Amino acid sequence: MIIFIIIILIIIMRFYGRERELELMEHLYARAPSFLVVTGRRRVGKTELILEFCRGKRALYFYVDANKSIEDLMEEFGRLMADTLNLPGYIRTDTPEAFLEFLFSLKDPLIVVFDEFQRFVKIHPSFISQLQLFWDLKGRDSRLCIIVSGSSVGMIREIFLAGGAPLFKRADNILTLRPFGPLDCLTILGDLGVEDPDDRLDLYLLFGGTIYYYTFLEKYGCTDLASALDRLLLDDLAPLRREMNDVVVEAFGREHATYYEILAAIAEGKVTQKEIADFVRLPPTSLPPYLRDLVDLLGVVEYRIPVTERGKRSKMGRYLFCDNFFRFYARYIYRNMSLYKSGRFDLIRERIFREWKGFSGWAFEEMVQSLLSRDLADRYDAIGPWWNRRGDEIDLVALGQQGSLAIEIKNRDLTYSEALRLLATLSEKIPLVKCLPRPVATGIAARTVDEKEVLKEEGFSIVDLADLGLGA
Ligand SMILES: Nc1ncnc2c1ncn2[C@@H]1O[C@H](COP(=O)(O)OP(=O)(O)OP(=O)(O)O)[C@@H](O)[C@H]1O
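Treat the numbers as computed from the prediction; the structure is a model and nothing was measured.

What follows concerns the overall build of the protein. In terms of helices and strands, the protein carries 20 helices and 12 strands. A compact globule built from 472 residues would reach a C-alpha radius of gyration of about 23 Å, and the protein, at 25 Å, matches this within 12%. Expressed as lengths along the three principal axes of its C-alpha atoms, the size of the protein is roughly 80 × 55 × 50 Å. Within the protein, the fraction of its 472 residues that count as buried is 51%. Residue pairs at least 24 apart in sequence account for 66% of intrachain contacts in the protein once pairs closer than 6 positions are excluded. Carbon and sulfur atoms form 50% of the exposed surface of the protein, whose accessible area is close to 22,300 Å². Separation of charge centres in the protein, based on 62 positive and 69 negative side chains, amounts to 5 Å.

This brings us to the site of the ligand. In the region of the ligand, 18 residues are neighbours, and Tyr16, Arg42, Lys46, Thr47 and Glu48 sit closest. Every element with two or more residues in the shell around the ligand is listed here: α2 (46-54) and α10 (211-219). Partitioning the shell around the ligand into residue classes produces 7 nonpolar, 4 polar and 7 charged. Residue-level mapping places the shell around the ligand at the junction of two domains, with at least three residues from each of domain 1 (19-176) and domain 2 (182-232).

Right, let's talk about the sheet that holds strand β1 (residues 34-39) for a bit. Pairing in this open sheet of 5 strands is parallel, and the strands run β2-β3-β4-β1-β5 from one edge to the other. Each edge of the open sheet is held by one strand with a lone partner, namely β2 (59-63) and β5 (173-176). The average angle at which neighbouring strand axes cross in this sheet is 15°, direction not considered. Across 6 bridges, strand β3 (residues 110-115) lies against strand β4 (residues 144-150) in parallel orientation. When the bridges of β4 are listed, Asp115 appears paired with Ser149. Across the sheet, helix α4 (residues 96-103) is in contact with β2, β3 and β4; its angle to β3 comes to roughly 150°.

Quick look at the UniProt feature "domain: DUF234" (unreviewed entry) in the protein now. Per the UniProt record, "domain: DUF234" (unreviewed entry) is found at residues 329-419. Each end of residues 329-419 is marked by a C-alpha atom, and these two atoms are 33 Å apart; helix forms 51% of the span and strand 29%.

About the criteria used
Residues numbered from 1 in each chain as written. Predicted model: local features only at pLDDT ≥ 70, side-chain atom pairs only at ≥ 80, totals over all residues. Heavy atoms only, no water. Helix = DSSP H or I, 4+ residues; strand = E, 2+ residues; numbered from the N terminus. Rg over C-alpha atoms; globule rule 2.2 N^0.38 Å. Buried < 20%, exposed > 50% of the residue type's maximum accessible area, 1.4 Å probe, protein only. Contact = heavy atoms within 4.5 Å. Areas by Shrake-Rupley, 256 points an atom, 1.4 Å probe, with all protein chains shown as cover. Lys, Arg positive; Asp, Glu negative; His and termini not counted. Charge placed at Lys NZ, Arg CZ, Asp CG, Glu CD. Near = heavy atom within 4 Å. Nonpolar A, V, L, I, M, F, W, Y, C, P; charged D, E, K, R; others polar. Domains from an automatic or database assignment. Pairing = 2+ DSSP bridges. Axes fitted to C-alpha atoms, helices over the stretch in contact; angles between N-to-C directions. UniProt positions renumbered as here; feature names shortened; annotations may be inferred.

Structure below.
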């Protein structure tokens, strides 16, 4: 059943985190009438957050089903309204006007949720302007707390933010929900019974911050990378076997093949527009709309520039995955679809394990970059990776008024001499970075570093997993 009444909710998994978001929602609810937009990419937890917020409150949840006509939706919404609010008799809500007229005549405090709201653009675009009209004329006299939610970040932005957009400035707040951070994910994994810290880390490096994927772990008895791969992916009946397909096809319909190819190119390390275009055999000039969709609509890819180029019109940009699982899927499942479809999971599995240390190094770097950026944010103005045209790279550079810091990140345990060698190579790269505020400190972040204290005494910044809150 797609539309359902939020009175009694069955809790399958505990609700995690999102304290700041719930606080904001409570704040708006207390000041109703209010209008909130919740957006964020697929599976990030928008519906779950809204349901948690509605728990124990008077609320109507309307799910905008893409396959229904406006008449069917209005009829369903009307029925739901009558049932939930215990209204006797028949309410006429067969047209959007009748539905909205009735909704805005209600006087008691009420939360009204429209989930996947952007679908109205295709189903019946004038519903959006009608809602705007009712909100303008009657909203301020009501006690409604309207929440609209949608996973199509780009479309939601167009509806609510773009200049001249129909609901421009009607929303009191736009809440963009982000994936969970690594510390939260590792705690959740611990709660789900994954005892070994290395297994928790591997599972985070595989799935990233999309908690939806973690909901399968307990159900399928997975406690480490191998069991998660075997039961959730590498099996004919595995629940995540079509995940990327489902999400990409739903978002882009018939054109999904080109998007797929571009994702596969990025997963293979093609990062510039030219490299991606060559890989997918399309002219570079035809790529921008696809890349924009992958960044804005799907939210699994990001366009990044070196930290020293921020605020400039840089030509050094790279397209990179910001989602661990999509990168994994594009690289190991999509690129091996023939093997996958013919059930040769053993060969795919072998390849994944052979390459896992190197492959997961990327996700490890991303994780450490985000944790270090959080810790360094109050001391530096700009933090991020650096690279140049020649292919030199530094994993993290922090720029501040008082000087800079350059860090190399390694997904392994380092001996003292390995650490010294890395620091020496890093020092050689420092002169290549233009306009680096002096003095420049250097350092290393790794799983563990031997003789960490000695290196610190020698003036280096040394960070291990325990320092980042990821210790055993
Ligand atoms: N804060 C949370 N605590 C516990 N579980 C969560 C939380 N957020 C999401 N989940 C889990 O992840 C699943 C996916 O979340 P949800 O359906 O809310 O995502 P969504 O952003 O609405 O996705 P879509 O855009 O694909 O509809 C939920 O079924 C739930 O099991």
